[in-house]
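# Chain and residue survey
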Amino acid sequence: MDRNYFNQLENFLSELNDYMSNTKNCIEKINIISKINELVFWLQMYQDNYFE
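My aim in this report is to walk through the structure given alongside it, one point at a time.

Criteria and thresholds
Residues numbered from 1 in each chain as written. Predicted model: local features only at pLDDT ≥ 70, side-chain atom pairs only at ≥ 80, totals over all residues. Heavy atoms only, no water. Helix = DSSP H or I, 4+ residues; strand = E, 2+ residues; numbered from the N terminus. Expected span 1.5 Å × (residues − 1). Contact = heavy atoms within 4.5 Å. Salt bridge = Lys/Arg side-chain N within 4 Å of Asp/Glu carboxyl O. Buried < 20%, exposed > 50% of the residue type's maximum accessible area, 1.4 Å probe, protein only. Core = buried A, V, L, I, M, F, W, Y, C linked by side-chain atoms within 4.5 Å.

Take helix H1 (residues 3–21) next. Between its first and last C-alpha atoms H1 spans 27 Å; for 19 residues at 1.5 Å apiece the expected length is 27 Å, and the two agree. Looking at the buried positions of H1, the neighbouring elements they touch are helix H2 (27–50).

A complete count under the given rule lists 1 salt bridge for this structure. A salt bridge links Glu38 to Lys35; the nearest nitrogen and oxygen atoms lie 3.8 Å apart. With a gap of 3 residues between them, Glu38 and Lys35 both fall in helix H2, about one helical turn apart. A relative accessible area of 40% means that Glu38 is categorised as partly exposed.

Counting 5 residues, the largest nonpolar core consists of Phe6, Leu13, Ile36, Val40 and Leu43. For this core, the secondary-structure elements that each account for two or more residues are H1 and H2. At 3 residues, H2 tops the list of elements feeding residues into this core. Ignoring anything within four residues of it in the chain, the contact list for Leu43 reads Phe6, Leu9, Glu10 and Leu13.

Taking 1.5 Å of rise per residue, 24 residues should cover 34 Å, and H2 covers 35 Å from first to last C-alpha, within 8% of that figure. All buried positions along H2 are accounted for by Lys29, Ile33, Ile36, Val40, Leu43 and Gln47. Where H2 is buried, its residues meet H1.

What follows is the structure, given as structure tokens:
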């Protein structure tokens, strides 16, 4: 895995998050968005620690 892989994954998750934000509100959507945000946070932490 390299920085490009993580950037692509972050972009995908951001697009998914945007898509989910535009859908009808429900508990499942809120859970998915919170997990996406958590995953993006940890991906950024990983990148900061291992790619700089």
